[in-house]
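Listed below are the residues making up each chain.
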Amino acid sequence: MLAALLLSWWLLPTHALLLNEIAILALFAVSLDLILGYAGIVSLGHAAFFGIGSYAAAIFAKLVMPDPWVGMAVAITSAALLGAACSVLILRGSDLTRLMVTLGVASILYELANKLDTLTGGADGLQGVVMGPLLTPLGALEFDIAGRTAYAYTLAVLVVCLLIARRLVHSPFGYSLQALRDNRLRAQSIGLSVNMRLVAVYTIAAAMAGAAGGLLAQTSGFSSLDVFDFHRSAEVMLVLVIGGTGYLYGGIFGAVVFKLMHDLISAWTPQYWNFWMGLFLVVLVLVGRDKFVRPWTWFGVAKP
Amino acid sequence: MSRVVLETRGLLKRFGGIVPTNDVSIRVHKGARHALIGPNGAGKTTLVNLLTGVLEPTSGSIWLDGQDITRLAPHLRVRRGIVRTFQINQSFSELTPLQSLALTVSAQLGLSGGFWKPLGSDARVAPACEKLLAQFHLDDVMNQKVALLAYGKRRLLEIATALACEPRVLLLDEPVAGVPEGERQEIFDIVGALPADVSVLLIEHDMDLVFNFAKSVTVLVNGAVFAEGDVQAIANDPRVKAVYLGEGETAGEAAHG
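Residues numbered from 1 in each chain as written. Chains lettered and ligands numbered in written order. Predicted model: local features only at pLDDT ≥ 70, side-chain atom pairs only at ≥ 80, totals over all residues.

### Remarks on the overall build of chain A
Then, number 1: Regarding its fold elements, chain A presents 14 helices and 2 strands.
Then, number 2: Radius of gyration (C-alpha) of chain A: 20 Å, near the 19 Å computed for a compact globule of 304 residues.
Then, number 3: For chain A, the C-alpha atoms occupy an extent of roughly 65 × 45 × 40 Å along the three principal directions.
Then, number 4: Contacts spanning at least 24 positions in sequence make up 76% of the contacts within chain A whose residues lie at least 6 apart. (Helix = DSSP H or I, 4+ residues; strand = E, 2+ residues; numbered from the N terminus. Rg over C-alpha atoms; globule rule 2.2 N^0.38 Å. Contact = placed C-beta atoms within 7 Å.)

### Some points on helix α3 (residues 97-108) of chain B
Then, number 1: Between the first and last C-alpha of α3 of chain B there are 17 Å, a value that for 12 residues agrees with the 16 Å anticipated at 1.5 Å per step.
Then, number 2: Among the 12 residues of α3 of chain B, 12 are classified as buried, and the element is accordingly described as predominantly covered.
Then, number 3: Listed in full, the buried residues belonging to α3 of chain B are Pro97, Leu98, Gln99, Ser100, Leu101, Ala102, Leu103, Thr104, Val105, Ser106, Ala107 and Gln108 of chain B.
Then, number 4: Those residues of α3 of chain B that are buried are in contact with α8 (172-182) of chain A together with α4 (125-135) and α5 (151-164) of chain B. (Expected span 1.5 Å × (residues − 1). Buried ≥ 20, exposed ≤ 12 C-beta atoms within 10 Å, placed from the backbone.)

### Quick word on the domain arrangement of chain B
Residue and element names in this part refer to chain B.
Then, number 1: Segmentation of chain B into domains returns domain 1 (1-81 + 167-257) and domain 2 (93-166).
Then, number 2: For domain 1 and domain 2, the distance between their C-alpha centres works out to 26 Å.
Then, number 3: Facing the 10 residues of domain 1 at the interface are 8 residues of domain 2.
Then, number 4: Broken down by element, the residue count for the side of domain 1 that touches domain 2 peaks at 3 residues, all from helix α6 (residues 181-192).
Then, number 5: Tallied by class, residues from the side of domain 1 that touches domain 2 come to 8 nonpolar, 1 polar and 1 charged. (Domains from an automatic or database assignment. Nonpolar A, V, L, I, M, F, W, Y, C, P; charged D, E, K, R; others polar.)

### Structural notes on the pairing of strand β8 (residues 169-173) of chain B
Walk down a regular strand and you will see the side chains alternate between the two sheet faces.
Residues and elements named next belong to chain B.
Then, number 1: The buried count for β8 comes to 5 of 5 residues, which makes it a mostly enclosed element.
Then, number 2: Because side chains alternate across β8, one face comprises the buried residues Val169, Leu171 and Asp173, and the other comprises Leu170 and Leu172, equally buried.
Then, number 3: Sheet topology note: the strand β7 (residues 82-85)/β8 ladder contains 4 bridges and is parallel. When the sheet's bridge partners are listed, Val83 is paired in β8 with Leu170.
Then, number 4: As defined by bridge partners, β8 adjoins strand β9 (residues 199-203) across 5 bridges and the pair is classed as parallel. Looking at the pairing, Leu170 lines up with Val200 of β9.
Then, number 5: In terms of handedness, the path from β8 via α6 over to β9 forms a crossover that is right-handed. (Pairing = 2+ DSSP bridges. Right-handed = clockwise from strand over helix to strand, strands pointing away.)

### What about helix α5 (residues 95-115) of chain A?
Then, number 1: Under the 1.5 Å per step criterion, the end-to-end length of α5 of chain A is 30 Å for 21 residues, consistent within 8% with the ideal 30 Å.
Then, number 2: Structurally, α5 of chain A contributes buried residues whose contacts are with α3 (47-63), α4 (68-90), α6 (117-120) and α11 (230-243) of chain A.

### So, the domain arrangement of chain A
Residues and elements named next belong to chain A.
Then, number 1: Domain annotation for chain A reports domain 1 (15-268) and domain 2 (273-304).
Then, number 2: For domain 1 versus domain 2, the separation of C-alpha centres amounts to 29 Å.
Then, number 3: Facing 8 residues of domain 1, the contacting portion of domain 2 comprises 8 residues.
Then, number 4: At the level of elements, α11 and α12 (250-268) are the ones that each hand at least two residues to the side of domain 1 that touches domain 2.
Then, number 5: Top element by residues in the side of domain 1 that touches domain 2 is α12. It accounts for 4 residues.
Then, number 6: Split by residue class, the side of domain 1 that touches domain 2 holds 5 nonpolar, 3 polar and no charged.

### Quick word on the packing of α3 of chain A against helix α10 (residues 194-220) of chain A
Residues and elements named next belong to chain A.
Then, number 1: Remark: α3 packs on α10, axes separated minimally by 6 Å, with the N-to-C direction vectors making an angle of 45°. With respect to α10, the axis of α3 lies oblique. Seen along the crossing, α3 lies across α10 with a hand that is right-handed. Residues Phe49, Phe50, Gly51, Ile52, Gly53, Ser54, Ala56, Ala57, Ala58 and Ala61 of α3 pack against Ala206, Ala209, Gly210, Ala211, Ala212, Gly213, Gly214, Leu216, Ala217 and Gln218 of α10. (Axes fitted to C-alpha atoms, helices over the stretch in contact; angles between N-to-C directions. Parallel < 35°, antiparallel > 145°, perpendicular 65-115°, else oblique. Left-handed = near helix turned anticlockwise from the far one by under 90°.)

### Regarding the confidence of the model for chain B
Residues and elements named next belong to chain B.
Then, number 1: Across chain B, the average pLDDT comes to 88, with 94% of residues at 70 or higher.
Then, number 2: Counting interchain partners and residues more than four positions distant, the pLDDT-below-50 stretch residues 248-257 has 12 contacts.
Then, number 3: As scored by the predictor, the complex reaches a pTM of 0.90 and an ipTM of 0.87. (pLDDT = per-residue confidence, 0-100.)

### Regarding the sheet that holds strand β10 (residues 216-221) of chain B
Residues and elements named next belong to chain B.
Then, number 1: Overall, mixed pairing links the 6 strands, which are arranged β7-β8-β9-β4-β10-β11 in an open sheet. The open sheet has two free edges, formed respectively by β7 and β11 (224-230), since each of these has just one partner strand. Strand-to-strand twist of the sheet, defined as the mean angle between neighbouring strand axes without regard to direction, takes the value 15°.

### Points about the interface of chain A and chain B
Interface size, as often reported, equals the accessible area lost upon joining of the parts.
Then, number 1: Counting residues at the interface gives 20 residues for chain A and 29 residues for chain B.
Then, number 2: Ranked by residue count, the leading element in the side of chain A that touches chain B is α8 of chain A, at 7 residues.
Then, number 3: Across the side of chain A that touches chain B, the residue classes tally to 8 nonpolar, 9 polar and 3 charged.

### Quick notes on the pairing of strand β2 (residues 18-24) of chain B
Residue and element names in this part refer to chain B.
Then, number 1: As paired elements, strand β1 (residues 4-15) and β2 share 3 bridges and run antiparallel to each other. Bridge pairing in β2 places Lys13 opposite Thr21.
Then, number 2: Here β1 folds back onto β2, and the loop between the two strands holds 2 residues, one of which, Gly16, carries a positive phi near 60°.

### Some words on the nonpolar core
Then, number 1: With 158 residues, the main nonpolar core has Leu27, Val30 and Ala211 of chain A as its most contacted residues.
Then, number 2: With residues near it in sequence (within four places) discarded, Val30 of chain A still touches Cys161, Leu162, Ala165, Met208, Leu248, Gly251 and Ile252 of chain A. (Core = buried A, V, L, I, M, F, W, Y, C linked by C-beta atoms within 7 Å.)

### Some thoughts on unusual backbone geometry
Then, number 1: Phi is positive for Leu248 of chain A, which is not a glycine, with a value near 75°.
Then, number 2: If you check the backbone angles, Asp65 of chain B has positive phi at about 50° while not being a glycine.
Then, number 3: Mapped onto the fold, Asp65 of chain B is located in the loop between β5 (59-64) and β6 (67-68).

### A word on the environment of Ile35 of chain A
Residue and element names in this part refer to chain A.
Then, number 1: Following the sequence through the fold, Ile35 ends up in helix α2 (residues 16-38).
Then, number 2: Accessibility expressed as a C-beta count within 10 Å gives 29 for Ile35, which makes it buried.
Then, number 3: Separated by 171 residues in the primary sequence, Ile35 and Ala206 have C-alpha atoms spaced 9.3 Å apart.
Then, number 4: In this view, Ile35 contacts Ile41, Ser43, Val201, Tyr202 and Ala205; residues no more than four positions away in its chain are not counted.

Here it is in structure tokens:
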């Protein structure tokens, strides 16, 4: 997996911008998988954390200092703080309540970003975010127009987050998330504090979504209301529908498939790409992912 | 008389017009093998839910080792040693028995919040899991998802999970319901072999098991304590026979009802 990602760096130097987008979406999807696939928290407002990370990174670079690493830390911290604050909202209630509450939080932030236009640029977006050189062990790298530095930077952040997430889900904490997803009552009765864990995982997932948002602002030099938009929360959910939840790499597969399809179909038929995307999703969900990726089983006679 | 470990004082729970637990005061002594019996709807499971904190009492109090735990959160009661099994299996359906037990043992060791080292990396976890898996004949299915296990196996896992919590007071809510005849005695043998200072409160319908296992009995009827005493006294109490055990021909029916 990681090897494939690193290979992509050499294989497709001319598509660095697309690859960068894929890697950002993948990181965003991995962060949603932590709460959806492991802890069973459904969210239609995960863009709230993506967006706050994006604006935090953009504003910080513009007003304070242009260093990307420090900016990333700021993006992650702001998203984590927002996640911790919002986590009290998802402790209670059923899936439907959570869908509405998370959706509501993202809408509130969208309007806030719209109204606070002295800080965020309002509906015009925050333009002209210029990043300083990326300090690496290999020396300082300037962000270039082809996006190679940007992609390397995004990939590094993605890999680090993925490694952290992998350790996390294999730890007792990770298993306890699955336990409380499967059976809250039982989780309590073996002495696990359900609420503390939900707060912790929601905060961590928010931080990672913030990292993804921060990457977008830093590598595109731009942040707009679009980062809080509903379609972003829905899109990342679709990515997990395509890639699958609860094994961490689903977000990456999903992001690759989603972005490549988007790119290819919209190049072929710019007006109707939504139609084909929708058709693909319907077929995928009806057939089932397991069967869909094994074409040789499609026309066999079902064994009794 | 040995020390009282778990005690309720005037415990009352009201759901609207229904009072499933009505002024219940019981005492469980250290090392007790205490049975809680009563006809269906007598409020036995409600009492267990109150003791473990799943429900909050309307009034009255619960004491563990002389400390008031009436408002203590459920997971904190487990950490203090009050552990239960459920009448209806409550398992982690997407985990395997091994993972479930490893998580439970880790929680006991205070490791369940660890998010860096893999589950089971602590040297104390594996031997404890191995012992429980062998004891409950779960070794052959330890890597299958719990959702795919047969009912009897899930029942065994339910009890194994409770024992993995290292209870000081163990509340068994109909532990052998649905377990094949042959394995019932085995479960009781394992429970009976618990250290002498572990107190066991058993809720059970099968009178043979109750009279074999328990030393003392509390009879609940309509949410209230109807009779209390040692096994012999209860078995011979004509009032208990009348309301619960039934008399003559209805005896078998009532015991299974």
